[in-house]
Amino acid sequence: MLLRMFLDNYPCTTSRFGHSLVFKGLTTAPAILLIHGFMGSPYAFTWLGRQLNDAGYTVYVPRLPGHGTNAKDFLASTWKDWLRCVCDTYIDIASKHERVFVAGHSMGGLLAGLIAAHFNPEKLILFAPAFMTVDKRISLAPLAQFFVKTVPMQPISLCHESEFKKAQADYLNGVYVPKLVDLLKLMKLATKHLEYIKAETLIVLSKKDAVVPFKVHDLVHEKMKAPHDFFSVEESSHMLIDDSEREQIAKRVIEFLKA
């Protein structure tokens, strides 16, 4: 598999970059690895992480290299750093816990899928997984990076934590085209590995997601051979893990994990 070759040949250099969130739970309960998305931060999972922790789980939310600090750090990181980070984090968690579940949002869903394809956790949750995007211009990024470094973006809020606001003011003023190339590589790699996932999987989507189209449902259903189920909400944005229907999502996720 392509992922196995990557793990064998790409050494860890930045897996300790930045800070993570950890919510300690019951020692008898499984641990959960939550992976945030592109240009995001562990703080995006603060609310859901606490709900899972209240249900008894120990929750780990690593900060992906280059994320949640500033533009310089972000531009210095690559998709290989992001993938290596979550692989090392999973290995570390698995050394402490008998059972580990994995979940990810958006690009974090891609990374979670790659983790599942290689390490075969028991359960997997994909929140608005970015196997495809509404904006088709991302396919032009490999060529566009030689002519333009950033493209404008509408102001967005990826979480409500005050610490992350400082980072937002720096590197969320535009989308960095070279990093879109990294995202595109992960999209392609994760799609190729969907068929290798064996974990029981829950995919959570929103019909009003303006970033990941709802038709990603069809792609995942076609490619994934493992048992999987979909849960959809009507009104949430791409940040459905902390939007108006978050209570419904948390309830369904906990039901899935405890089943």
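These numbers come from a predicted model, not from an experiment. Along each chain, the written sequence defines residue order, and numbers are assigned to residues from 1. In view of the model being predicted, local features appear only for residues whose pLDDT reaches at least 70, and side-chain atom pairs are presented and counted only at 80 or more, with totals across whole chains, interfaces and linings using the full set of residues. To obtain the side-chain values, all non-hydrogen atoms of the structure were used and water was disregarded.

Quick notes on the overall build of the protein chain
- Secondary structure elements are taken from DSSP: a helix is a run of H or I of four residues or more, a strand is a run of E of two residues or more, and numbering for both begins at the N terminus. For the protein chain, the helix and strand inventory stands at 10 helices and nine strands.
- A 1.4 Å probe rolled over the protein chains alone gives each residue an accessible area, and that area as a share of the maximum for its type sets the label: buried under 20%, exposed over 50%, partly exposed in between. Counting across all 259 residues of the protein chain, residues that qualify as buried make up 56%.
- Long-range contacts, defined here as pairs at least 24 residues apart, represent 77% of the contacts in the protein chain between residues at least 6 apart.
- Every accessible area reported is derived by Shrake-Rupley at a probe size of 1.4 Å, with residue values counting cover from the shown protein chains alone. For the protein chain, the exposed surface amounts to about 12000 Å²; the carbon and sulfur share of it is 54%. The contact rule is simple, with two residues in contact once any of their heavy atoms fall within 4.5 Å.

Quick notes on the packing of aromatic side chains
- Ring geometry is summarised as follows: Phe, Tyr and Trp rings, the Trp one being its six-membered ring, pair when their centres sit within 6.5 Å, and such pairs are stacked at plane angles under 30 degrees, edge-to-face over 60 and tilted between the two. Tallied over the entire structure, the rule returns seven aromatic pairs.
- Ring centres 6.2 Å apart and planes at 70° place the aromatic pair Phe38 and Trp82 in the edge-to-face group. One end of the pair, Phe38, is in the loop between strand S2 (31-35) and helix H2 (46-54); the other, Trp82, is in helix H4 (residues 79-94), with 44 residues separating them in the sequence.
- Among the aromatic residues, ring-to-ring pairing joins Phe38, Phe74, Trp82 and Tyr176 into one connected group.
- Lysine and arginine charges are scored as sitting over a ring when NZ or CZ, respectively, is within 6 Å of the ring centre and within 35 degrees of the ring normal. For Lys123, the ring lying beneath its charged end belongs to Phe256, and the centroid distance is 5.0 Å.
- When the ring centre of Phe214 is taken as reference, the NZ or CZ atom of Lys207 above it lies at 6.0 Å.

Regarding the side chain of Ser236
- Tracing the sequence through the fold places Ser236 in the loop between strand S9 (228-233) and helix H10 (246-258).
- A relative accessible area of 0% means that Ser236 is categorised as buried.
- At 2.6 Å, the side chain of Ser236 and the side chain of Glu245 are in polar contact.
- Not counting the four nearest positions on each side in its chain, Ser236 is found in contact with Ser206, Lys208, Asp209, Asp243, Ser244 and Glu245. Polar contact is defined as a pair of N or O atoms within 3.5 Å, subject to the rule that within protein one atom must be able to donate a hydrogen and the other to accept it, and that residues adjacent in sequence are counted only when both atoms are side-chain atoms.

Observations concerning the environment of Thr201
- Structurally, Thr201 is set in strand S8 (residues 200-206).
- Residue class for Thr201 comes out buried when judged on its relative accessible area of 1%.
- On a C-alpha basis, the gap between Thr201 and Leu257 in space is 9.9 Å, while along the polypeptide they are 56 residues apart.
- Sequence-distant contacts of Thr201, that is, excluding residues within four places in its chain, are made with Leu124, Leu126, Met224, Pro227, His228, Asp229 and Phe256.

Points about the confidence of the model for the protein chain
- When pLDDT is averaged across the protein chain, the result is 88; 85% of the residues are at 70 or more.
- Low pLDDT, under 50, characterises residues 10-18; the stretch is placed with 18 contacts to residues that sit more than four places away or in other chains. Known as pLDDT, the predictor's per-residue confidence is scaled from 0 to 100.

Digging into the packing of H4 against helix H8 (residues 177-193)
- Helix axes are fitted to C-alpha atoms over the stretch in contact, other axes to C-alpha atoms as well, and angles between N-to-C directions run from 0 to 180 degrees. As a packed pair, H4 and H8 sit with axes 9 Å apart at the nearest point and diverge in direction by 50°. Put simply, H4 runs oblique to H8. Note on element contacts: H8 touches H4 through Lys179, Asp182, Leu183, Lys185, Leu186 and Leu189, opposite Trp79, Trp82 and Leu83.
- Under this grouping Gly is polar, as are all residues other than the nonpolar Ala, Val, Leu, Ile, Met, Phe, Trp, Tyr, Cys and Pro and the charged Asp, Glu, Lys and Arg. When grouped by side-chain class, the residues that make up the contact of H4 with H8 number six nonpolar, no polar and three charged. Working definition: roughly parallel below 35 degrees, roughly antiparallel above 145 degrees, roughly perpendicular at 65 to 115 degrees, and oblique for all remaining angles.

Considerations on the sheet that holds strand S5 (residues 123-127)
- Any two strands with at least two DSSP-identified bridges between them are counted as paired. Judged by pairing direction, the sheet is mixed, and its seven strands sit side by side in the order S1-S3-S2-S4-S5-S8-S9 without closing on themselves. If you trace the sheet from one side to the other, it starts and ends with strand S1 (21-23) and S9, each paired once. Pairwise comparison of adjacent strand axes, ignoring direction, gives a mean angle of 15° for this sheet.
- Where S2 meets strand S3 (residues 58-61), three bridges bridge the pair, whose relative direction is parallel. Across the sheet, the residue bridging to Leu33 is Tyr60, located in S3.
- Set on the sheet, H4 makes contact with S2, S3 and strand S4 (100-105); between it and S2 the angle comes to about 170°.

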